[in-house]
Amino acid sequence: MSNEVKYQTTLENVDWQHMKSTLAADCFDNGRTPRQLRESFKNSYATVIAYADERIIGTARVLSDGICNAYIVDVWTLTKYRRRGIATTMIKMLLAKLEGQHVYLFTDDAIEFYEQLGFKPQPIGLALVVGQWLRGNA
Ligand SMILES: CC(C)(COP(=O)(O)OP(=O)(O)OC[C@H]1O[C@@H](n2cnc3c(N)ncnc32)[C@H](O)[C@@H]1OP(=O)(O)O)[C@@H](O)C(=O)NCCC(=O)NCCS
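Note on numbering: residues in each chain are counted from 1, in written sequence order. In keeping with the model being predicted, local features are shown solely for residues with a pLDDT of at least 70 and side-chain atom pairs are shown and tallied solely at 80 or more, while totals for entire chains, interfaces and linings include all residues. By convention in this description, side-chain values take in all heavy atoms of the structure and omit both hydrogens and water.

(A) Examining the overall build of the protein chain more closely. In this text, helices come from DSSP runs of H or I with a minimum length of four residues, and strands from runs of E with a minimum of two, each type numbered from the N-terminal end. Helices and strands together make up the secondary structure of the protein chain, namely 4 helices and 5 strands. Overall, the protein chain is about 40 × 35 × 25 Å in size when its C-alpha atoms are taken along their principal axes. Taking all 138 residues of the protein chain together, 39% fall into the buried category. Pairs at least 24 apart in sequence give 59% of the contacts found in the protein chain among residues at least 6 apart. All accessible-area figures derive from a Shrake-Rupley calculation using a 1.4 Å probe, and residue coverage is judged against the displayed protein chains alone. Approximately 8900 Å² of the protein chain is accessible, and the part contributed by carbon and sulfur atoms is 52%. Charge counting treats Lys and Arg as positive and Asp and Glu as negative, with His and both chain ends excluded. Here the site of a charge means atom NZ of a Lys, CZ of an Arg, CG of an Asp or CD of a Glu. Counting 16 positive and 15 negative side-chain charges, the protein chain places the averaged centre of each group 3 Å from the other. Note on exposure labels: buried denotes an accessible area under 20% of the residue type's maximum, exposed denotes more than 50%, and partly exposed covers the range between, all computed with a 1.4 Å probe on protein chains only. Here a residue-residue contact requires only that any non-hydrogen atoms of the pair lie within 4.5 Å.

(B) Structural context of helix α2 (residues 34-42). Residues of α2 that are buried include every one of Gln36, Leu37, Glu39, Ser40 and Phe41, and no others. Contact partners of the buried residues in α2: α1 (16-25), β2 (46-52), β3 (55-64) and β4 (69-77).

(C) Representation of the pairing of β3 within the structure. Counting buried positions along β3 yields 7 of 10 residues, so the element is predominantly enclosed. A pair of strands is considered paired only if DSSP assigns at least 2 bridges between the two. A loop of 2 residues connects β2 with β3, the two strands running antiparallel in sequence, and aspartate 53 in this loop sits at a positive phi of about 50 degrees. As judged from the 6 bridges shared by β3 and β4, these two strands associate in the antiparallel manner. Among the inter-strand pairings, valine 62 is bridged to a residue of β4, identified as isoleucine 72.

(D) View of the nonpolar core. Residues belong to a common nonpolar core when they are buried Ala, Val, Leu, Ile, Met, Phe, Trp, Tyr or Cys residues joined through side-chain atoms within 4.5 Å. Ranked by internal contacts, the top residues of the largest apolar core, which has 34 residues, are Met19, Ile57, Ile72 and Phe119. Broken down by secondary-structure element, the contributors of at least two residues to this core are α1, α2, β2, β3, β4 and α3 (86-95). When residues of this core are assigned to their parent elements, the largest contribution, 6 residues, is made by β2. Among all residues touching phenylalanine 119, those that are not within four sequence positions of it are Ile72, Ile91, Leu95, Val103, Leu105 and Tyr114.

(E) Fine view of a nonpolar patch on the surface. Candidates for patches are residues over 30% relative accessible area with no salt bridge; among them, like charges are joined within 9 Å and nonpolar side chains (Val, Leu, Ile, Met, Phe, Trp, Tyr) within 5 Å. Salt bridge criterion: a side-chain nitrogen from Lys or Arg within 4 Å of a carboxyl oxygen from Asp or Glu. Side chains of Leu63, Tyr71 and Phe106 sit close together on the surface and give an oily, nonpolar patch of about 300 Å² of accessible area. Its place among the elements puts leucine 63 in strand β3.

(F) Looking closely at the site of the ligand. Near, as used in this document, describes a residue that has one of its heavy atoms within 4 Å of the molecule or strand being considered. Close contacts around the ligand come from 18 residues, with Val75, Thr77, Arg83, Gly85 and Thr88 the closest. In the analysis that follows, any N or O atom pair within 3.5 Å is treated as a polar contact, provided that within protein one partner can donate a hydrogen and the other can accept it, and provided that, for residues neighboring in sequence, both atoms belong to side chains. The separation between an oxygen atom of the ligand and a polar main-chain atom of arginine 84 is 3.2 Å. Relative to its free-state accessible area of 910 Å², the ligand is covered by the protein chains to the extent of 71%. For the shell around the ligand, the secondary structure elements donating two or more residues are β4, α3 and α4 (111-115).

(G) Just the pattern of salt bridges, in detail. Per the stated rule, a full pass over the model turns up 6 salt bridges. The residue arginine 82 makes a salt bridge to aspartate 26 at a minimum N-O spacing of 3.3 Å. Placement of arginine 82 in the loop between β4 and α3 and of aspartate 26 in the loop between α1 and α2 is noted, with a sequence separation of 56 residues between them. A residue is classified by how much of its surface remains accessible, and aspartate 26, at 14% relative accessible area, is buried. Put simply, lysine 42 and glutamate 39 hold a salt bridge, and the shortest N to O gap is 3.2 Å. Of the two residues, lysine 42 and glutamate 39 both sit in helix α2, 3 residues apart, roughly one turn of that helix. On the basis of relative accessible area, lysine 42 is assigned to the partly exposed category, the value being 49%. A cluster of three or more residues bridged by salt bridges with shared partners is formed by Arg32, Arg61 and Asp74.

So this is what it looks like as structure tokens:
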């Protein structure tokens, strides 16, 4: 396992099929096709993709209006690379682009991870899927 991790903030040369299969193998696939993955990253305010040995081993991205509200999603580190500070680095890279903004996110079980970054619980989040999941126009 390589010790060198590279963090890419552009979407040049991203292999979306590779991202999809890596997420699926690591049980973090939410059903997007490679094209839907590409569109969702492309339409984000900022993205980070972590690589080791040319393989994708981490992702994080943020949606934002660029002024006051941001929402962090797709935070993931490949299982065998966890607890090495990779997700912390990715989130800090995103937060550096969000000065002055309220940053929200939802998590089931990564509360301690976000708390060590300074996040605090802010209830209550409400959610609604409009129509059928992933059956929009994109
Ligand atoms: C949550 C996740 C992104 C953390 O990635 P990571 O690269 O391992 O995180 P880091 O190494 O930067 O963790 C930094 C600190 O966060 C805390 N932390 C991270 N994972 C934790 C866990 N499973 N349980 C408790 N604390 C945790 C620890 O304080 C850790 O520091 P330490 O390793 O020195 O104890 C990763 O476990 C993951 O991909 N999980 C599955 C997907 C997921 O739940 N994503 C979040 C969706 S909102």
